[in-house]
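Residues per chain, in single letters:
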Amino acid sequence: MGRLRGVGAGRDREEFVTESERLLFGGRLRYDMGWSRHDDAVLELTLRRTLVRLPQMVAMSVRLAWAADRRATRAVALAEVARGVAQAVMLLSVQAVLVALLEPADVTDGLRDAMPAIAVMTVVGAVGAVARAVSTYADGTLQPKVERHAQERYLERALGVELQAIEDHAFHKLLESAQFGASSARRMIGHGTRVISALLSLAAAAGVLAVLHPVLMPMLLLMTMPSAWSALTIARRRYQSYQEWVQHSRAANTLSRLIIEADAAAEVRVHGVGPFLLRHFRAMSQSYEGEQARLAREAAGTRLVASALTGATALATYLVLGGLLWSGAMEVAAAGAAVVAIRTGSSSLDNLIAQVNSMHEDSLFVTDLHQIVEQSTGREIPVGGAPLPERPESIEVEGVTFAFPGTEGPPALRGVSLTIPVGRVTALVGENGSGKSTLIKLLCGLYRPQAGRIRFGGQDIAAADRQDLFSRFAVVGQDFYRWPFTARVNVAVGRTAVPISEERLEAAAAQAGAGDVVAGLPHGWGTLLSRVFQRGHQLSGGQWQKLGIARAAYRDAPILIVDEPTAALDARAEQEVFDRIRALADAGRTVVLITHRMASVRDADLVHVLHGGRLVESGTPDELLRGGGRYAEMYGIQAAQFARSGAA
């Protein structure tokens, strides 16, 4: 099994593909999502750049917190300021106690002189403890609010953009990266709180050292430089390794998930796929273990060097302190206070560097979250518009051309013109890739044509209220979404803007022929239709199809789009469905039927035949059969197949 060499900055990478990667995934796995865009930012994570970015990152976390809960944000800020002031007073009180104890010849006199400072230390310690408790509580209530606020903002933007934006590769990559922004925003609040605390503690220690002797403060900074270098170097290597290996790790996790996934369980057992998956999971995991061992080895070396440098600078610091004592430039009491301040400041600076490292990583994903807002601007579904006619006579498609952005080859639709009469059954037929589904999305307002227009009773839908347009359609297809909720919600999700009505549910089930399906469920409408949850129940494909039709019936829209609605049904059930579709049209509802089964089109009032993105034929089924064109050819091919099947 192959091993990948180090991926540190400035090193050549060995382009080696493991056997599992090549066999299962077609080649070496590379991460191709949001993190790859952060490569430069990660490599620039130096101490100087980190300190320059610190105010920006703290301001970002403050803005997130302020937007989520102003009261909690104020509480955290005031508590942290109180803790910083308490720590500074505590350090000064330590110096006062040492002076009081060491200067008098009589210990009793020293204790008496030290009592006021000891009392101050006691009070300040209590204030610091209370401030810490307040900060912990406020921060604990603030973080989940920040995460929810960020997640809602992200989801609102995702819901508000056009379908083409969701299907756009670059925008979808940003969406996938930004989905980590909410949890990163939550963590940034904690990091920000600890950064502020460390800064205040560091300022207090540095202020005390500056008062005791000016040379001690730069010595404090010098003593913490090796640990800061070590933390940043290790973090830079870890980030770069994460970027290099994250897709490999996700693929290994996919293998482990497939072993326990319910949909794959039958084939895993019957075909004996389990040992195969487990073998490749082990191989890919072992490859990643090698990378982790490399990181650990290099981290150990870096920390060893940093420890040696820290020891040397600490020795130099205490030698300077001893020299000040020996020369009489500092009293013993002041030296004791300086030792406490050095230890406090060193710990605070180490904590500061560690928290800034984490803030930098999380800020990248929070930045993606903000970019979603920026890049979605101009791609939103328009709000408002001209009202559509309540009872249009027809829907007219006039010279519509549509091509998917970034795709090569001819457009999906080219100059298509056709009419869909209201209150009738209109069928769209054609081979895969002929443009049927694309045309439906244009009719519903999910796409906008690059040329031509679509009129709804004479009203151009480009200027129409999009929500009004959406409300005119109900869609059901063979691959409709199966929500992991109860049967009640799976049907009522067709019209979520109104409260769920039991009468409407029963009527929708009756129209779709799904009454027997619901009656056979262990808990009726309250049955959970997902086996991945406790008490979940599994339906057959045909049962799901009936519920999908019931969902469209529950929506009660004037135009019903049905895409291969009988693909999972037997012949008898198929005939029942088309009888119901015919009844809906006879009652005044418009039905647009998409199907590959020519026999299913026999009850349609009008048939449009698409081929290669163009309209090639239109007419009634009988007219098209007599015409001997493409429809008649497709009908003849399927009829011959049925005849051979019957003869066999």
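Below: a short report on this structure. Because the structure is a prediction, the values reported are computed rather than measured.

1. Let's talk about the environment of Leu439
Part 1 of the argument: Within the fold, Leu439 resides in helix α13 (residues 436–443).
Part 2 of the argument: For Leu439, a relative accessible area of 0% corresponds to the buried category.
Part 3 of the argument: In sequence terms Leu439 and Val416 are 23 residues apart; their C-alpha atoms lie 9.0 Å from each other.
Part 4 of the argument: Once residues lying within four places of it in the same chain are set aside, the contact partners of Leu439 are Val397, Leu413, Leu418, Leu428 and Leu610.

2. Topic: the sheet that holds strand β10 (residues 614–619)
Part 1 of the argument: Taken in spatial order, the six strands make up an open sheet running β6-β7-β8-β3-β9-β10, and their pairing is mixed. Only two strands of the sheet have a single partner each, and these edge strands are β6 (473–477) and β10. Shown here is a sheet whose adjacent strand axes are inclined to one another by a mean of 20°, direction ignored.
Part 2 of the argument: Relative to strand β8 (residues 590–594), strand β7 (residues 559–563) runs parallel, the two being bridged by five bridges. The residue of β8 that forms the bridge with Asp563 is Ile594.
Part 3 of the argument: The sheet contacts of α13 involve β3 (425–429), β6, β7, β8 and β9 (606–611), and relative to β3 the element is tilted by about 135°.
Part 4 of the argument: Contacts from helix α18 (residues 541–555) reach β6 and β7 within the one sheet, and its direction differs from that of β6 by about 180°.

3. Brief notes about the nonpolar core
Part 1 of the argument: Counting residues in each nonpolar core, the largest one holds 48 residues, and the members touching the most others are Leu64, Leu209, Leu212, Leu216, Met330 and Leu352.
Part 2 of the argument: Where this core is concerned, the elements lending two or more residues are α3 (47–68), α4 (70–102), α5 (107–160), α7 (169–178), α8 (181–212), α9 (216–260), α11 (273–327) and α12 (332–376).
Part 3 of the argument: Apart from residues lying up to four places away in sequence, Leu64 is in contact with Val146, Ala185, Ile189 and Val366.
Part 4 of the argument: Counting 43 residues, the second largest nonpolar core, distinct from the first, contains Val476, Ala487, Ala552 and Ala604.

4. Details of the packing of aromatic side chains
Part 1 of the argument: With the rule as written, the count across this model stands at seven aromatic pairs.
Part 2 of the argument: The interplanar angle of 50° and the centroid separation of 5.7 Å between the aromatic rings of Trp245 and Tyr288 together place this pair among those described as tilted. With Trp245 in helix α9 and Tyr288 in helix α11, the pair connects residues that are 43 residues apart, well separated along the chain.
Part 3 of the argument: On the basis of an interplanar angle of 85° and a centroid distance of 5.0 Å, the ring pair of Phe402 and Phe404 is categorised as edge-to-face.
Part 4 of the argument: The partly exposed category is assigned to Phe404, whose relative accessible area is 29%.
Part 5 of the argument: Each residue in the set Phe402, Phe404 and Tyr447 is aromatic and connected to the rest through ring pairs, giving one cluster.
Part 6 of the argument: Seen from the ring of Tyr554, Arg504 lies directly overhead, with NZ or CZ sitting 5.1 Å from the centre.

5. Quick look at the pairing of strand β4 (residues 451–456)
It is a general feature of regular strands that their side chains alternate between the two faces of the sheet.
Part 1 of the argument: Relative to β4, strand β1 (residues 394–402) is paired through five bridges, and the arrangement is antiparallel. Residue pairing for β4: Val397 is matched across the bridge by Ile454.
Part 2 of the argument: By the bridge criterion, two bridges tie β4 to strand β5 (residues 459–460) in an arrangement that is antiparallel. Residue pairing for β5: Arg455 is matched across the bridge by Asp460.
Part 3 of the argument: Counted between consecutive antiparallel strands, the loop separating β4 from β5 contains two residues, among which Gly457 sits at a positive phi close to 60°.

Cut-off values and rules
- Residues numbered from 1 in each chain as written.
- Predicted model: local features only at pLDDT ≥ 70, side-chain atom pairs only at ≥ 80, totals over all residues.
- Heavy atoms only, no water.
- Helix = DSSP H or I, 4+ residues; strand = E, 2+ residues; numbered from the N terminus.
- Buried < 20%, exposed > 50% of the residue type's maximum accessible area, 1.4 Å probe, protein only.
- Contact = heavy atoms within 4.5 Å.
- Pairing = 2+ DSSP bridges.
- Axes fitted to C-alpha atoms, helices over the stretch in contact; angles between N-to-C directions.
- Core = buried A, V, L, I, M, F, W, Y, C linked by side-chain atoms within 4.5 Å.
- Phe/Tyr/Trp six-rings, centres within 6.5 Å; stacked < 30°, edge-to-face > 60°.
- Lys NZ or Arg CZ within 6 Å of the ring centre and 35° of its normal.

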